[in-house]
Amino acid sequence: MRGRRGRLSVAERRLRAAFFRGEELDLGGPSHRVRAEVVADLLTQAVDRTAHPRAALRLCNATIVGRLDVRQADVAVPVSFADATFTEPVDLANARVTGVVLSRCVLRGLQARLLEVRGDLNLTECTITGPVDVCDARIGGSFTLDGSTLRGIAVDDDALAAARLIVTGDLSARKGLTAHGRIWLSAATVGGDVLFSGATVRNPSGPAIDANRLTVAGSFSARYGFTAEGGIILVHAQIGNQLNFTQARISTTGNWSLHLGGARVASLWLTFAAPPVGRVRLSGLQADSIFDNPATWPTELDLVGCTYRLLMARSPAPRGSPLPPEPVTVRQRLAWLQRSPDGYAPQPYEQLAAQYRHNGQDQDARRVLLEKQRQRRSTLNRPARILGYFLDCTVGYGYRTWLAGIWLIGFWALGTLTFTVQPSTRRSDATPEHNPALQALDLLLPIIDLGHDGAWQTSGVSQYITALLILAGWALTTAIIAGLTRLLNR
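Residues numbered from 1 in each chain as written. Predicted model: local features only at pLDDT ≥ 70, side-chain atom pairs only at ≥ 80, totals over all residues. Heavy atoms only, no water.

### With respect to the overall build of the chain
For clarity, the cut-off: Helix and strand definitions follow DSSP, with helices as H or I runs of at least four residues and strands as E runs of at least two, each counted in order from the N terminus. Using a 1.4 Å probe on the protein chains alone, a residue whose accessible area is under 20% of its type maximum counts as buried, one over 50% counts as exposed, and one in between counts as partly exposed. Two residues form a contact once any of their heavy atoms are found within 4.5 Å. Here, Shrake-Rupley sampling with a 1.4 Å probe gives the accessible areas, and only protein chains in the shown set may cover a residue.
Looking only at helices and strands, the chain has 10 helices and 40 strands in total. With the C-alpha coordinates aligned to their principal axes, the bounding extent of the chain is approximately 135 × 40 × 35 Å. A total of 490 residues make up the chain; the buried ones form 48% of that total. In the chain, of all internal contacts separated by at least 6 residues, the share reaching a separation of at least 24 is 46%. Taken as a whole, the chain presents about 22,300 Å² of accessible surface, with 53% of it coming from carbon and sulfur.

### Things to note about the packing of aromatic side chains
What counts, and what does not: A pair of Phe, Tyr and Trp rings is counted when the ring centres sit within 6.5 Å of each other, with Trp represented by its six-membered ring. The angle between the planes then sorts it: under 30 degrees is stacked, over 60 is edge-to-face, the rest tilted. Any Lys NZ or Arg CZ that is within 6 Å of a ring centre and within 35 degrees of that ring's normal is treated as a charge sitting over the ring.
For the coordinates displayed, the defined rule picks out 8 aromatic pairs. Seen from their ring centres, Phe-81 and Phe-86 are 5.1 Å apart, and the 75° between their planes marks the pair as edge-to-face. Taken individually, Phe-81 and Phe-86 each receive the classification buried, so the pair is uniform in this respect. A network of ring pairs unites the aromatic residues Phe-196, Phe-220 and Phe-226 as a single cluster. It is Arg-333 that lies over the ring of Trp-336; its NZ or CZ is 4.7 Å from the centre.

### Considering the environment of Arg-213
The residue Arg-213 is located in the loop between strand 27 (209-210) and strand 28 (215-216) in this model. Judged by relative accessible area, Arg-213 falls into the partly exposed class, the value being 48%. Residues Arg-213 and Gln-332, 119 residues apart in the sequence, show an inter-C-alpha distance of 33 Å. Residues within four places of Arg-213 in sequence aside, it is in contact with Ala-187, Ala-188, Val-235, His-236 and Ala-237.

### Overview of the nonpolar core
The test is simple: What we call a nonpolar core is a set of buried Ala, Val, Leu, Ile, Met, Phe, Trp, Tyr and Cys residues that are connected through their side-chain atoms within 4.5 Å.
Counting residues in hydrophobic clusters, the biggest one holds 115 residues, and the most contacted among them are Phe-81, Phe-143, Phe-196 and Phe-245. Residue contacts for Phe-196: discarding those within four places in its chain leaves Ala-173, Arg-174, Leu-177, Ile-183, Leu-185, Ile-209, Phe-220, Ser-221, Ala-222 and Phe-226. Core analysis: the second largest hydrophobic core is formed by 9 residues, Leu-443, Leu-444, Ala-472 and Leu-476 among them.

### Focus: the pattern of salt bridges
The line we're drawing: Put simply, a salt bridge is a Lys or Arg side-chain nitrogen that is within 4 Å of an Asp or Glu carboxyl oxygen.
For the coordinates displayed, the defined rule picks out 21 salt bridges. Across the salt bridge formed by Asp-91 and Arg-71, the nearest N and O atoms sit 3.5 Å from each other. Here the residue Asp-91 occupies a position in strand 7 (residues 90-91), and Arg-71 occupies one in the loop between strand 4 (68-69) and strand 5 (74-75), the gap between them amounting to 20 residues. Here Asp-91 falls in the buried class, since its relative accessible area comes to 5%. Looking at Arg-71, the relative accessible area reads 49%, which means it is partly exposed.

### Digging into helix 6 (residues 362-377)
For the record, the criterion: Any helix carries an expected span of 1.5 Å times its number of residues minus one.
Here helix 6 contains 16 residues, and its C-alpha end-to-end distance of 23 Å stays within 8% of the 22 Å for a straight helix at 1.5 Å per residue. Along helix 6, the positions that sit buried rather than exposed are Ala-365, Val-368, Leu-369, Leu-370, Glu-371, Lys-372, Gln-373 and Arg-377.

### A short note on helix 3 (residues 36-44)
In terms of burial, helix 3 is a largely internal element, 7 of the 9 residues being buried. For helix 3, the full list of buried residues reads Ala-36, Val-38, Val-39, Ala-40, Asp-41, Leu-42 and Leu-43.

### Side note on the side chain of Ser-340
Note that Ser-340 resides in the loop between helix 4 (330-337) and helix 5 (346-358). Those residues in contact with Ser-340 that lie beyond four places of it in its chain are Leu-301 and Asp-302.

### Brief notes about the environment of Ala-17
Checked against the element boundaries, Ala-17 lands in helix 2 (residues 10-21). Note on Ala-17: relative accessible area 31%, which makes it partly exposed. Each C-alpha atom, one on Ala-17 and one on His-259, is 53 Å from the other, the two residues being 242 residues apart in sequence.

### So, the packing of helix 4 against helix 5
A packed helix pair is summarised by two numbers, namely the angle formed by the two axes and the spacing between the axes. Using the following cut-off: Think of each axis as a best-fit line through the C-alpha atoms, taken over the contacting stretch in the case of a helix, with angles from 0 to 180 degrees between the N-to-C directions. For classification, angles of less than 35 degrees are called roughly parallel, those exceeding 145 degrees roughly antiparallel, those between 65 and 115 degrees roughly perpendicular, and all remaining angles oblique. Whether a crossing is left-handed or right-handed is set by the direction in which the near helix is turned from the far one by less than a right angle, anticlockwise for left-handed and clockwise for right-handed. Note on residue classes: Ala, Val, Leu, Ile, Met, Phe, Trp, Tyr, Cys and Pro are nonpolar, Asp, Glu, Lys and Arg are charged, and everything else, Gly too, is polar.
Their axes nearest at 10 Å, the elements helix 4 and helix 5 cross at an angle of 155°. On the basis of their axis angle, the class for helix 4 and helix 5 is roughly antiparallel. In terms of crossing hand, the pair formed by helix 4 and helix 5 is right-handed. Here helix 4 contributes Val-330, Arg-333, Leu-334 and Leu-337 to the contact with helix 5, which in turn contributes Pro-348, Tyr-349, Leu-352 and Tyr-356. The residue inventory of the contact of helix 4 with helix 5, partitioned by class, reads 7 nonpolar, no polar and 1 charged.

### Quick notes on the side chain of Thr-246
With respect to the helices and strands, the residue Thr-246 is situated in the loop between strand 32 (238-244) and strand 33 (249-259). Thr-246 sits in the buried class, given a relative accessible area of 3%. In this structure, Thr-246 is in contact with Ala-222, Arg-223, Tyr-224, Trp-269, Thr-271 and Leu-323, ignoring residues within four places of it in sequence.

### Details of the environment of Thr-144
As for its position among the elements, Thr-144 is in strand 17 (residues 143-144). Once the C-alpha coordinates of Thr-144 and Val-461 are considered, the two residues, 317 residues apart in sequence, prove to be 88 Å apart. What Thr-144 contacts, discounting residues up to four positions off in sequence, is Leu-121, Asn-122, Leu-123, Thr-124 and Ser-172.

### Digging into the pairing of strand 3 (residues 57-65)
The criterion, for reference: Only strands that DSSP links by at least two bridges are regarded as paired with each other. The crossover handedness rule: strands pointing away from the viewer, path from first strand over the helix to second strand clockwise, crossover right-handed.
Pairing analysis gives 3 bridges linking strand 1 (residues 24-26) to strand 3, with the strands arranged parallel. The partner of Leu-25 across the bridge, within strand 3, is Leu-59. Taken together, the 3 bridges between strand 2 (residues 33-35) and strand 3 define a ladder with parallel strand orientation. Counterpart to Val-34 in the pairing with strand 3 is Ile-64. As a crossover connection, the stretch from strand 2 through helix 3 into strand 3 is right-handed. Pairing of strand 3 with strand 6 (residues 79-86) involves 7 bridges; the strand directions are parallel. Residue Leu-59 lies in a different strand from strand 6, and its bridge partner there is Phe-81.

Here it is, written out as structure tokens:
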């Protein structure tokens, strides 16, 4: 190694000795410098495990000068750096390593595309001022970024590029992680949980987290203290357990603050700390349960195609305490449905009604379906709207057929009063005894003949009341039949 790299410094000789013993070497501060090429030689050389069974690179408090390049290498020993400063990016592209731990380190970037890690990749409390690229990497353990600061060189650089990343364990980016730029997780697969609680991700030029087709076996947690300045895109993502935004803050200047179109989750927690700034899209979402908080409902909400088995509101609670249920009226839920800027769509109403029926709240379900017809009416032409208003007033589109009974009683009372004040004239001696109530009822019932409507001759105002009663009877009967038909066919 001396022939290829020149004379080793004292620090480098100490590192070499500690490497073969598997001991941690603390050089005492950044003034102690180690050439990156010397570190690379140690990592890539074949180690006799019989002679050096504990060989490992464990270096603290040092400056690594130059580009640490172990591309396509097979690193068979554990690698650990703590409180180290790298003057140039670290290149692990297409390498195979046992495990890498960097704690409180300063890096100019990490190139690790196609990296294969048999254990963990741990970047805890690091400051990385350059691209972090782990696209197509495979990590056999967990990938940890807790407490780190990620900042690309340019404004529009990705803070973390991890498309198609495969992690067997957890992807943890919490405990004060700060990312300036997009976190790109498209088509990534995580066998454990994705943890962003307490993290801050800022990307004013686009989405903060872009995770189309992300697959997570466990939960995606962006809870207490999580802040996203930029949208969160989880289109067609599959989350095996919770997708949880409890006490999170999300804002964007773009189209979507949260886009879950076509995603599948076991339970979705939309219990934000404040209403998201920007449009929330749940179109095509499939969830077993959705929990939300009326105080933090988004201003713009798309629900077309969103399906769920349980919908429940929750109130805020201190961290560590369960969120208690919060009562929500059907009127509030109808206002929730009407937050879509695209206007009326029937499916969200059908879904909410099905939820109420599943809970045994049939009256609330009918209220939702009635409101669906009222919203639909605004999309019809004028004749259809007029008919809609008539059906709404008379039988509530079949969901309030008792309204027709009220109308019938009202017309019956009008006819009875009219025929009492202005009695009708007998048509023949066989005419039954005058009964204003039966005369009015006979006129209102178009099918049933009580023998009174044709037995008496009306005049004056009574003639107009007679015509009105006949028309009202036919109209109300038709409305009842139409309403019942709609009710039976839905």
